[in-house]
Structures are given as structure tokens and as C-alpha cells.
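Results of the structural survey
Now for the letters of each chain:
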Amino acid sequence: MRTTRTVPARSVPARTALIAALALASASPLLLTPHTATGAEPKPVAREGAGPDRGSAARSPASAARQALAAPVTDLSAADATRGYPRQQVLSPDPENPADKSIKLGLTPYHAIAPKLNDLQALGDRVSVEVAGRSAGGHRLYLVTVTGPETARQAQAQARMRELIENAPTTAAKSPEIKASYKTPVFFNNNIHGNEWEGTDASLKLIEQLATANDARTADLLAHTRLYFDITANPDGRIAGTRANANGFDLNRDFVTASQPEVRAMRQIGIDKQPAVMLDLHGYVNGTLIEPTTPPHGENYEYDLFLKNTYANALGMEAAVNGLGHTPAKDGVEPAQIPFRDQREGWDDWPPIFTPQYAAFHGAVAAHTVEIPLAVNNSAYDKLPVDELRRRSAINVDIAGAAIRATLDYVQTHRTSLVADQIEVFRRGATGAAQVPVSEETVPGVPGIGPEDVYTAAFPRAYVIPAGAGAQRSATAAARLVDHLIANDVRVTRATRAFRLGGRTYAQGSYVVDMHQPKRGLANVLLADGRDISDKVSVMYDISGWSLGRLWGATVRPVTGGTLSGVPLRTVTAAAHVGYVAPRGALRLRLDDPSGIAALNSLLQQGAAVRQAADGSAIVPASARALAEEAARTYDVAFDATNLTGTAPLHRVRVAAAVTPGELFALREMNFEVTPVSTDVLNAGFDWSAADVLFVSAGLEHGDLTWAARTALDAFLAGHGLVGRGATGAALNSAAGLLAVKPVEGNGDANGVVRVVNSGPVTASAPDHGFVYAPVWFTDLGPGVRVEQSYATGNPLVSGHWRPLADGSGGPSAAAGQASVVSGPHAVLFGTEPLFRDHPKGEFPQVGQALIAMAHAHSG
């Protein structure tokens, strides 16, 4: 679900705007009544740590993190080379779970899905089931394909045409075979938010209808399309009745980072199946909300093609949903709404973190979030009678089904033009063609297009990720970034010898991303700085900046001109390994990358006698070379020879952490031994002897602790260190009297990539950019307080959305030059978000260094 308040609708002859805001944290148990939009300043509400799953970090098991980090990606395209359709298998049953939250709603519990899919496959030769992966909680992710039967040769022909569309789009555009016989791929994604259930049941119901229908229209549909259904994208949340998965992650915010196995599975479906159209079924906004969205629109995809098809399909879905006959008076259902037409801002498609927006980069020319209307989750689930919940769920299933069927009608009618538009997306990328700005002339039939809708990107000619001595802060970070690009189906090449490009000379082994490639939009959205859009709209729905080039710790250089002709490049399918162990003597491990921190913690866990050098690196004795070799292979880090002996011995750091789910996951990714805590955990009694340091950013309020819990916490902090992040961490610091600073909270709606100046040992190896989300800075610094990092002077915001508050305070100019990270003998405080949603990888070591410093400063 997305939730938002909005400003007035556009002036188009459509109808009055119908707006329904459903707060995540406090959904009303009553039927929601939409209100006509007013001119009130809108506020985004999907904030990290807010909503019904707040505190879920304390419930996220370490096993789920291990599963997420290690889960392989299923290559679904491999079967195309050898198998036709149907591809049927008998699924083993899951143990019956009477606690599955779907049951109360009269919907299909997870344990009933496998038997249901077995039954659907048995209905004939149209339904196939594949396992696309496993969730963080270990549950199978089912991909169902519905299509007419295909021999192995016919399936191979479809795969060949699909490859031609992406890899040779100019040729594909002229292909009579593609026009006549290519099956349009359509993808329906269900239940990505676990407590938005009904898309799953609507899809199961439709699959059964398609499997058994004998009419000519259905036969024609399945002869010319492949329909893919991700039955439940979030089985962990479906079972538990939570928005998030077992790691506490909102999967519909993870597509840039792909930290979770469910998202990697969806990403691979998009790459392997290459859908031209996709629906992501959510809830609950009354009336049913159907994208396309309000400005700002993602500048890196071909928005003219996207808007044309997405708007037209939205009109069909609107008619189908309204045609069911539900009314506010009869059953509490308002008419459907289309944000692009009916709202002005507050429900944007700017960041590629959402499923439909990410799908556009893999060739989807119509992609939608569809929010079905009647709330059955959160407080409604707990307070409403079962009969009322089931009435609502039944209506929601019907409405979701109507949206899916209308999409099938659109695809059946516009199959040829949809494929042609997908080919054009890839052609523009491959040839470096200019984007086409949207207007009433370039996108006829879409009313109300104005200058506020026009966003285009200036693509560089290439990006270079340099190699060689001095080119990288971290070779491990460069390798991670390259592998991430390749996993996203971005093409990467590597230089076989030194070369000169854009006025610079680069060493052999440097990576080059040629921006004349089919998925240039995805390459650019990941690597570019992004844009400061603070002056474009008054509010953003979620994050507005995310640059991997600035936040992942690797050097990335855009090349704006010149030619790649003559540059000695070869395509790579994986980054070259950088793991290395010097053959003799003591070893030095840099701690400027999360993998370096993870390797250190692994060595300490195994009893290696590691010491810390004056520059913050770790010195590993020659006697631990075998352990270092294992760590180099596992974490792809380098252990260089050194004459340093180090000073203080290091020990395994045990962290008590009151943090967001993303931060908890990042700590575990760095191999820290973490025990999640919260106000409730401390009030229930907590054994502080199991912790060396406390990290607080969310879910722990000093004033809400019992006397006994507060006394125990104060005693721990008197002899141990605190690492605090944001307003919550700063408040605990103030309550405990550890570090004499005044925290200043900026605009709570602000987020983005910022320029910073590093000046202390905690941030010594950090990038000169950081990430903020409700930024904080520190003034009135007392004795002994060291400034570790400051916001840059001028306007520190590089990309994102950061406005002053109504009184002029809280903006980037107020933060400029102020301390963003401070430290002292007993605490380190962060005003930035260095672990945000497991994303800004280059920032992670700051937290790692702070935890190590605080744990060892007070270890006796």
C-alpha cells in the first residue's frame, strides 16, 4: 500500500479528484470515506521505521538474514533452451499452519497454495509452475505461467525472439516473425506487501478460469501471450500478516539494492521473461487507485512510451472496476481514481525502488501499482468482525480480478503495438537516441500533460570504474558494484590494456559501462548522481536520491563525450576477484569496506589475535594466514604485507541494537554479533553482560523505560559506549548525559545524497558523500567533542528532496557546515543515515568503526 495526502487534482475534464488516505499505523476500522482534495501541504507517510511493523527489527531472526545473504538466484531462462510448455511438476505440500493470517479473511493460506497449484496443473496443458526462489523465511516463491502449449522448438523460437528484441532492436522492429508469432509477456505480481493479500486469490481464481475456458477469445489470448503470475511475492508476510518479510524489509523499497531474496527473484523474472506489461497488486486505497502517477516522473525511462500505454490501460481497468457495480452507499466502495489525472503530486514514480518503476527499465511499457479499496489489515484486521473482513476481502478479490482481466483485454487488443514500443525502448538505448519529452503531441490521448510532467536525462557516453593503484578507495567496492550492475542486466566491459577516454588515462582492468546499450536507463539510474528536485514538488512519496556511484564506496566517473571506438574492451559476466593474501609476514586488512569489517569479525570469531593499527586498519599475524586466506575467498578482500605490529588487541564486538530492520540487516551483513533490543525488551529484563556496545536509532525511548530497566541501562552506559543515529539516538545520548552536544532536527521529510567533509578517525576512509533521511546535525559542542564529519558548505544536497520548513528552518542551508557526525570518549552520534535500508554500502564502515571504537574504549 501507498498512503498519501495530496494537493488538488489537475484541471482536466475528467472528474473531481477522489482521494483516500489510509494511514499505515492507524487504519480506521470503519469504512473509509474519500474526501475531496484541498490545498493543504501534503506529507509523505511511508517513513522508515513507521507504521504497523515498527520494531520488527527486534523480531527479525539472524537465520533470515543468513538466508537473504546466501539465497541463490534462479535463472528461469535456462529452461527455455531445452523445454517447451507446459512445465509441470508435483509440488510437495507445506505443513498446515492454523496461525496463517490469511485464514481469518477467508483467503488462501500459504500452505494451501502448493496443493492448489498441483490441482491447476492437472486441469490441462496451459498451466506450468516453477519455483523462482525462496523467501528470507525459507518459503518457496512460485511463478505460474499460463500459455498455450509449446514444443521445445517453439519455446526456443520464443527465447530467440525475446533476445532479438533486447539485443538487436533495430532488426527486431523489422521482423515479420516477431510481429506474427511473438508471445507478448505479461507479469502479475501479487502480495509483495504481506498484509495486502487479495491479489494472490484473484490470480489463482483467474488461472483456473484460463485453464478451463473453451471459448475462442481465451484460446487466441493464450496463443499470443505468456502470462506470468508471481503468486505471492512475500510469503513470510502473508503468513504473519505483516507488510514486511522475515527480515522486516518492505520489499517494494528494495529494488535498487536487491538485498532480499524475494526481490532478487522478482528482478530475475523481469530479466528472464521481459514483460511488456505488468501489474503489482496492493491494498488499500478507497477508491481503487490505479497508476500512472503524479510528478515527478522517473527521468531515466522512456516516459512517452510508458505513459501512453500505462494511461490507456488504466482507463480500461477503471472502467472494469467501476463496472462491477460497487457503490459507496451499497458496500462502501468509491469509484476508482488515476493519480496522473486526479491528483497533482504526492504519489510519484520518481525512484526505481518500486516494482512497476523498476520493471520499466527491463522493457515494461505499461506498469501499474493497483491499490484495491477495502482495508482488512492492521487495526481493521484486529477490530472488525470476521464476517465483515471476509465481505471486504471478497470485494477486493473481485476488484483485483477485474483489473487483471481488463489488462488482458488491453494486451489482446494492443499486442503488436506493445511489443513495438518495447522494441523502441531498447532501440533508443542501444543507439544512444534522444528521449522524447512528453506532451499532448507526443502522447496523444493523455489529458492534462504539462511542463510539470517533463523529466528527461542527459545520458553520458559512458561510465568508467577505474582500476589500478590509487584509482579506488576500495577494490572490493568496485567489484561489488560491477557484480551488482551485471545482476541488474547492465552490460559492463573491462579494458584489456590502458586507454584514454574523456581526457583521462585509465589503467588496464578498469571497467567501462557503455551507455549505448538497451538498458541504459537502468545503468544511469544506478550510477548517476541524480537530481535535486526540491523545487519541483512540495512533497515526495518516498526517497528521492540513491546514487550507487556516490554511496557504494567505488570510484565512478561519467564520460560525457568522445568515442569508445578503439578502446580495448571485452564484455565481462562477473567482476574480477580482488581477494589476496600476501605470501609471508604479518598482514594488513583495511576496514574501509563492509566486507573488510565482515572479514575482521570472522577472524575474531575464530580466535585470531588481531590488533588495530594507528590508521584504523587491522593487523593479522602470520600465524593466522590460513584464516586470512579463507576470509579473502569468502569476502573478496585483500590482506597486504605490512611491517606494522598494531597497538591494542581487538576482540569480537557484541552489539545490543535498537535499530530499524535495514540497519539490523547491515550489522549482520558486516558479521557483528547482534542482539536486537527495544523499550519492551529492556522493560522485560535484559542481560547487559552479553553486550559490549549499544547502538540506538529506533524503538528505544529512555523515558518509557521502567525504573529497573532505566537503572540497568544507565549502569551499562556508565561503563560502555553508545553509538546513536538520528533523533532517537541523540535523545538517548542527552538523557544519559554522555556527549555534550545539541542535536538539531532538519525537515523530517528530507532525504537524499549529500556532500560531506570527513575529519575524524571514524570517518577517515569514508566517501565524501552520505545519505540523509530526516537529517540531524549537532551544535553547541562541549569539551572533548570531536567533529568526525560535517555537511558541506553551500547547498550540501546533491540529489533528492530537502526543503526548509515553513518557518525557514530545517533546510540544507541551515545544515551547511554543521557537524553531521560527532564523537567523544563515551559516544558517537550520526545525523546521517549510513545504513539506510542496507543501501549506502560505502557508508557502512563508519558505523563499523564507531562500534569497534566504542566497544574497545570501554572494554577494561
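The structure contained in this document is the topic of the report that follows.

Rules and cut-offs
- In every chain, residue numbers begin from 1 and rise along the written sequence.
- Local features in a predicted model are, by the rule used here, given only for residues with pLDDT of at least 70; side-chain atom pairs are given and counted only at 80 or more, and totals for whole chains, interfaces and linings are based on all residues.
- Water and hydrogen atoms play no part in the side-chain values, which are based on all heavy atoms of the structure.
- Put simply, DSSP H or I for four residues or longer makes a helix, DSSP E for two residues or longer makes a strand, and each gets a number counted from the N terminus.
- Radius of gyration: C-alpha atoms only; globule rule: 2.2 Å multiplied by the number of residues to the exponent 0.38.
- Here, residues are in contact when the closest pair of their heavy atoms is within 4.5 Å.
- Only four residue types enter the tally: Lys and Arg on the positive side, Asp and Glu on the negative side; His and the chain ends are excluded.
- Every charge is mapped to an atom, namely NZ of Lys, CZ of Arg, CG of Asp or CD of Glu.
- Inter-axis angles, ranging from 0 to 180 degrees, are taken between N-to-C directions of lines fitted to C-alpha atoms, where helices are fitted over the stretch in contact.
- In what follows, roughly perpendicular refers to angles from 65 to 115 degrees, roughly parallel to angles under 35, roughly antiparallel to angles over 145, and oblique to any angle outside these ranges.
- Each helix crossing is assigned a hand: it is left-handed if the near helix lies turned anticlockwise from the far helix by less than a right angle, otherwise right-handed if that turn is clockwise.
- Polarity classes work like this: nonpolar for Ala, Val, Leu, Ile, Met, Phe, Trp, Tyr, Cys and Pro, charged for Asp, Glu, Lys and Arg, and polar for all others, with Gly in that last group.
- The classification of residues rests on relative accessible area computed with a 1.4 Å probe and restricted to protein chains. Under 20% of the type maximum is buried, over 50% is exposed, and intermediate values are partly exposed.
- Two strands qualify as a pair provided that DSSP identifies no fewer than 2 bridges between them.
- A pair is scored as a salt bridge if a Lys or Arg side-chain nitrogen falls within 4 Å of a carboxyl oxygen belonging to Asp or Glu.
- Pairing of aromatic rings covers Phe, Tyr and Trp, the last counted by its six-membered ring, and requires centre-to-centre distances within 6.5 Å; plane angles under 30 degrees mean stacked, over 60 mean edge-to-face, and any other angle means tilted.
- In our convention, an over-ring charge means Lys NZ or Arg CZ found within 6 Å of a ring centre and within 35 degrees of that ring's normal.

Right, let's talk about the overall build of the chain for a bit. From N to C terminus, the chain includes 26 helices and 33 strands. Relative to a compact globule of 860 residues, whose C-alpha radius of gyration would be 29 Å, the chain shows 27 Å and is just as compact. With respect to the principal axes defined by its C-alpha atoms, the chain has extents near 80 × 65 × 55 Å. Excluding contacts between residues fewer than 6 apart, the proportion of contacts in the chain whose partners are at least 24 apart in sequence is 80%. Measuring between centres, the 76 positive side-chain charges of the chain sit 5 Å from its 83 negative side-chain charges.

Right, let's talk about the packing of helix 6 (residues 198-212) against helix 15 (residues 386-431) for a bit. Across the interface, helix 6 lies against helix 15 with an axial gap of 8 Å and an inter-helix angle of 55 degrees. Overall, the two elements helix 6 and helix 15 adopt an arrangement that is oblique. In this structure, helix 6 crosses over helix 15, and the sense of that crossing is right-handed. The segment helix 6 lies against helix 15, with Glu-198, Gly-199, Asp-201, Ala-202, Ser-203, Lys-205, Leu-206 and Leu-210 engaging Ser-393, Asn-396, Val-397, Asp-398, Ala-400, Gly-401, Ile-404, Arg-405 and Leu-408. In terms of residue class, the contact of helix 6 with helix 15 is built from seven nonpolar, five polar and five charged.

In terms of residue burial, strand 2 (residues 140-146) counts as a mostly covered element, since seven of its seven residues are buried. Side-chain alternation along strand 2 places Arg-140, Tyr-142, Val-144 and Val-146 on one buried face and Leu-141, Leu-143 and Thr-145 on a second face that is also buried. Taken together, the seven bridges between strand 1 (residues 127-134) and strand 2 define a ladder with antiparallel strand orientation. Counterpart to Val-129 in the pairing with strand 2 is Val-144. The loop that links strand 1 with its antiparallel partner strand 2 comprises five residues; one of these, Gly-138, has a positive phi angle of about 90 degrees.

The next thing to look at is the sheet that holds strand 14 (residues 511-514). Pairing in this open sheet of five strands is antiparallel, and the strands run 15-10-14-11-16 from one edge to the other. The two strands at the open ends of the sheet, each matched to only one other strand, are strand 15 (557-559) and strand 16 (569-571). Strand-to-strand, the axes of this sheet are offset by a mean angle of 30 degrees, without reference to chain direction. Note that strand 11 (residues 493-495) and strand 14 share two bridges and pair antiparallel. Each bridged residue has a counterpart across the sheet, and for Arg-494 the counterpart in strand 14 is Tyr-511. Contacts between helix 16 (residues 475-487) and the sheet are confined to strand 10 (462-465) and strand 14, with strand 10 contributing the most and set at about 145 degrees to the helix.

Interhelical geometry of helix 2 (residues 113-121) versus helix 6 gives an angle of 20 degrees and a closest axis separation of 10 Å. It follows from the interaxial angle that helix 2 and helix 6 lie roughly parallel. Considering only the axes of helix 2 and helix 6, their crossing is left-handed. Mapping the contact onto sequence places Ile-113, Lys-116, Leu-117 and Leu-120 in helix 2 and Thr-200, Leu-204, Ile-207 and Glu-208 in helix 6. Here the contact of helix 2 with helix 6 is built from residues that sort into five nonpolar, one polar and two charged.

Looking now at the side chain of Ser-102. Within the fold, Ser-102 resides in the loop between helix 1 (62-70) and helix 2. For Ser-102, the residues in contact, after removing those within four places along its chain, are Leu-107, Thr-108, Pro-109, Trp-197 and Arg-238.

Our next topic: helix 21 (residues 661-669). Among the nine residues of helix 21, eight are classified as buried, and the element is accordingly described as predominantly covered. Looking only at helix 21, the buried set comprises Pro-661, Gly-662, Glu-663, Leu-664, Phe-665, Ala-666, Leu-667 and Arg-668. For helix 21, the elements touching its buried residues are helix 1, strand 22 (654-658), strand 23 (673-676), strand 24 (693-696), strand 25 (721-725) and helix 26 (844-857). With its phi angle positive at about 75 degrees, Asn-671 sits one or two positions after the end of helix 21.

This paragraph deals with the side chain of Asp-230. Within the fold, Asp-230 resides in strand 4 (residues 225-230). Within the buried set, Asp-230 has no salt-bridge partner at all; the shortest N-O distance to an opposite charge, 11 Å, is to Arg-238. Apart from the residues within four sequence positions on either side, Asp-230 is in contact with Tyr-142, Leu-143, Phe-187, Phe-188, Asn-189, Asn-190 and Met-266.

What follows is about the sheet that holds strand 18 (residues 587-589). With mixed pairing, five strands are arranged side by side in an open sheet as 17-21-18-20-19. Of all strands in the sheet, those with a lone pairing partner are strand 17 (580-581) and strand 19 (611-612), marking the two edges. Looking at chain direction, strand 19 and strand 20 (residues 618-620) are connected through two bridges and run antiparallel. Following the sheet pairing, Gln-612 is matched in strand 20 by Ala-618. Across the sheet, helix 19 (residues 594-605) is in contact with strand 18, strand 20 and strand 21 (638-641); its angle to strand 18 comes to roughly 130 degrees.

Moving on, we get to the packing of aromatic side chains. Applying the stated rule across the entire model yields 21 aromatic pairs. Ring centres of Tyr-301 and Phe-306 lie 5.1 Å apart, and the angle between their planes is 55 degrees; on these two criteria the pair is classed as tilted. Of the residues examined, Phe-306 reaches a relative accessible area of 3% and is grouped as buried. Members of the aromatic cluster, each reached through a chain of ring pairs, are Tyr-301, Tyr-303, Phe-306 and Phe-361. The aromatic ring of Trp-552 is capped on one face by Lys-841, whose charged end is 5.9 Å from the ring centroid.

Summed over all chains, the structure comprises 39 salt bridges. Here Arg-391 and Glu-388 are joined by a salt bridge, their closest N and O atoms 3.0 Å apart. With Arg-391 and Glu-388 both in helix 15 and three residues apart, the pair spans about one turn of that helix. Across the pair Arg-480 and Asp-593 runs a salt bridge whose closest N-O atoms are separated by 2.6 Å.

Below, the discussion takes up the environment of Ala-478. Positionally, Ala-478 belongs in helix 16. On a C-alpha basis, the gap between Ala-478 and Ser-510 in space is 9.6 Å, while along the polypeptide they are 32 residues apart.

Fair warning: the whole summary comes from geometry, so function is off the table for now.
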